[in-house]
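Residue strings, one per chain:
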Amino acid sequence: MLTARVVFSPVVQRVAVLSLHTSPLAQPGSGDSGGMNVYVRELSSALAQAGVECTTYTRRTSVDQPEVVQVEPGHRVVHLTAGDFDLPKEELPSVLDAFGDAVMEHMHQQAPADVLHANYFLSGLVAHRLKHELELPFVSTFHTLAKVKAEGGDTESQWRHDAEADIIRCADAICVSCTEEENQFRRLYGNPQGRIEIVAPGVEHAFFAPGERSGARNALGLPLDAPVLLFVGRIQPLKAPDVAVRALAELGRPDAILLVVGGASGSEGNAEEQLLRDLVKELGLAAQVRFVAPQPHHILSTYYRAADAVVVPSRSESFGLVALEASACGVPVVASGVGGLLTLVDHGETGYLVPDRDPAVFAHYLREIIEHPGHAAALGRRGAERARRYTWSFAAARLRRLYTDLGVRERVACG
Ligand code: UDP
């Protein structure tokens, strides 16, 4: 006689997400807040909707922040006190232990978890310790890596290099966003066998979808008949907004407008913004460049729709959400050929890739787009079609499977 056999598999249902240095509730586009904040918030929401309870731990940076913010059912953000509220990012290493203690206490008392997921290396260091103390699997998403930044000309301390090496040795899984990032990771950090997982970020298609350009321009008080170029992102050398300004100069169209949406970021951020404003004046572009303060995420869709093209001249980019969001809105992207942008922009099909961030080459492709509206519309259409592959719910499904697998895999021993 056949008997039914019931197999129980341990399904992961609770994740402790660590986002020490920046809160998923912060406004992205300046300071330390950008793509990682969007990634943590959107993924946690998508995971919660898929039945995985997410508690995101971040450092309290103001007295007004409540301890717990219930973002939606199954997704809460917990603000923990670890060091002075206004501690600069460079001093965060001194509060890692305090933050780790606070996370453990909260987990013990209120939110036990089955897996730890750390974002950025500072959280990775905390999760590394907690993995051993709590005997839990540990997933790391770096978002940026010191060696990758170094290749783009931005140097980081030896301490950060060593910290990242430690995390890589012990993480049970390392999430990257695309094949390009995976290849780069293997080239620079070796091959942590079976531990690299591609989890492509998503885009919220309910906001970021093609729409009428004239309506968007009216809403933003922009002329209907002038070329409009858009740069979105934190103002810091890594994002190279100066290349967007120089490309505008090379374009030689006095009627063209460049919108720079975002604010200063990093310890040199204010100086960098001043340099950018000086450059604009020096190049005689003051009437053509408009600086716009960081905008709430969903409002950005109006900016994308208003633009003829979005310029992404970054020195390095692990993924490049701005490029994806622009494509999802049906706008061609002209980007530097680095990192995730190589995956997101299909050269000649959805936009253009520029080697070496040469402003003259950016200007050449921007001219192609501005002067050939039919071709530009086709680039935008194909971009929007490609962008449909990327959803947060798909990313959450991959993570959910990974978390479940880790529940039954042997944990990596610190080597
Ligand atoms: N962003 C925003 N408002 C702004 C500027 C940026 O919501 O004013 C968001 C943008 O929509 C994107 C993220 O910040 O989702 C930036 O991510 P990206 O991957 O392009 O760059 P990162 O900040 O990770 O370097």
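Residues numbered from 1 in each chain as written. Predicted model: local features only at pLDDT ≥ 70, side-chain atom pairs only at ≥ 80, totals over all residues. Heavy atoms only, no water.

Trainee: Explanation requested: the overall build of the protein chain in the structure shown.
Mentor: In terms of regular secondary structure, the protein chain is built from 15 helices and 14 strands. Across its three principal axes, the protein chain shows a C-alpha extent of roughly 75 × 60 × 40 Å. A buried classification covers 55% of the 415 residues belonging to the protein chain. In the protein chain, of all internal contacts separated by at least 6 residues, the share reaching a separation of at least 24 is 69%. The centroid of the 39 positive side-chain charges in the protein chain is displaced by 5 Å from the centroid of its 50 negative side-chain charges. (Helix = DSSP H or I, 4+ residues; strand = E, 2+ residues; numbered from the N terminus. Buried < 20%, exposed > 50% of the residue type's maximum accessible area, 1.4 Å probe, protein only. Contact = heavy atoms within 4.5 Å. Lys, Arg positive; Asp, Glu negative; His and termini not counted. Charge placed at Lys NZ, Arg CZ, Asp CG, Glu CD.)

Trainee: Help me out: how do you make sense of the sheet that holds strand 10 (residues 257-261) in this one?
Mentor: Sheet strands line up and pair through hydrogen bonds in the backbone, either parallel or antiparallel. As summarised here, the arrangement of the six strands in space is 11-10-9-12-13-14, forming an open sheet in which the pairing is parallel. At either margin of the open sheet sits one strand with a lone partner, and together these are strand 11 (289-292) and strand 14 (351-354). The mean inter-strand angle of the sheet, taken between neighbouring strand axes irrespective of direction, is 20 degrees. Sheet topology places strand 9 (residues 228-232) next to strand 12 (residues 309-312); two bridges connect them, and they run parallel. Of the residues in strand 12, the one forming a bridge with Leu230 is Val310. Docked against the sheet, helix 8 (residues 241-251) engages strand 9, strand 10, strand 11 and strand 12, running at close to 170 degrees with respect to strand 9. (Pairing = 2+ DSSP bridges. Axes fitted to C-alpha atoms, helices over the stretch in contact; angles between N-to-C directions.)

Trainee: Teacher, can you tell me more about the packing of helix 2 (residues 96-109) against helix 3 (residues 120-134) here?
Mentor: Relative placement of two packed helices is described by the angle separating their axes and the distance separating the axes. Remark: helix 2 packs on helix 3, axes separated minimally by 10 Å, with the N-to-C direction vectors making an angle of 50 degrees. Judged by the angle between their axes, helix 2 and helix 3 are oblique. Handedness of the crossing formed by helix 2 with helix 3: right-handed. The residues of helix 3 that touch helix 2, namely those facing Leu96, Asp97, Phe99, Gly100, Asp101, Val103, Met104, Met107 and His108, are Leu122, Leu125, Val126, Arg129, Leu130, Glu133 and Leu134. Residue composition of the contact of helix 2 with helix 3, grouped by class: 10 nonpolar, two polar and four charged. (Parallel < 35°, antiparallel > 145°, perpendicular 65-115°, else oblique. Left-handed = near helix turned anticlockwise from the far one by under 90°. Nonpolar A, V, L, I, M, F, W, Y, C, P; charged D, E, K, R; others polar.)

Trainee: Is there a simple way to explain the environment of Cys414 in this structure?
Mentor: One can find Cys414 in the segment after helix 15 (392-408). In this structure Cys414 touches His128, His132 and Cys170, once residues within four positions along its chain are discounted.

Trainee: Help me understand helix 9 (residues 269-282), please; the structure alone is not making it clear to me.
Mentor: Side chains of residues three or four places apart in an α-helix project in the same direction, reflecting 3.6 residues per turn. Look at helix 9: 20 Å from first C-alpha to last across 14 residues, which is about the 20 Å you get at 1.5 Å a residue. Those residues of helix 9 that fall on the buried side of the exposure criterion are Gly269, Glu272, Glu273, Leu276, Leu279 and Val280. The buried residues of helix 9 occupy an angular sector of 120 degrees when the element is viewed end-on, so they sit on one face. Exposed residues on helix 9 whose side chains face more than 90 degrees from its buried face are Asn270, Leu275, Lys281 and Glu282. Packing partners of the buried residues in helix 9 comprise helix 8, strand 10 and strand 11. Looking one or two residues beyond helix 9, the residue adopting positive phi is Gly284, at roughly 70 degrees. (Expected span 1.5 Å × (residues − 1). Arc of directions from axis to C-beta.)

Trainee: Hey, could you run me through the site of the ligand in this one?
Mentor: The immediate surroundings of the ligand are formed by 19 residues, with Gly35, Arg234, Lys239, Gln295 and Glu325 found nearest. Between the ligand and Pro28 there is a distance of 3.3 Å, counted from a nitrogen atom to a backbone nitrogen or oxygen. In the environment of the ligand, an oxygen atom lies 3.1 Å from a nitrogen or oxygen atom belonging to the backbone of Val322. In isolation the ligand exposes 540 Å². Once the protein is present, 92% of that is buried. Mapped by element, the contributors of at least two residues to the shell around the ligand are helix 1 (35-49) and helix 11 (321-328). In terms of residues, the shell around the ligand owes the most to one element, helix 11, which gives three residues. Per-class residue counts for the shell around the ligand are eight nonpolar, seven polar and four charged. (Near = heavy atom within 4 Å. Polar contact = N/O pair within 3.5 Å; in protein donor to acceptor, adjacent residues only side chain to side chain. Areas by Shrake-Rupley, 256 points an atom, 1.4 Å probe, with all protein chains shown as cover.)

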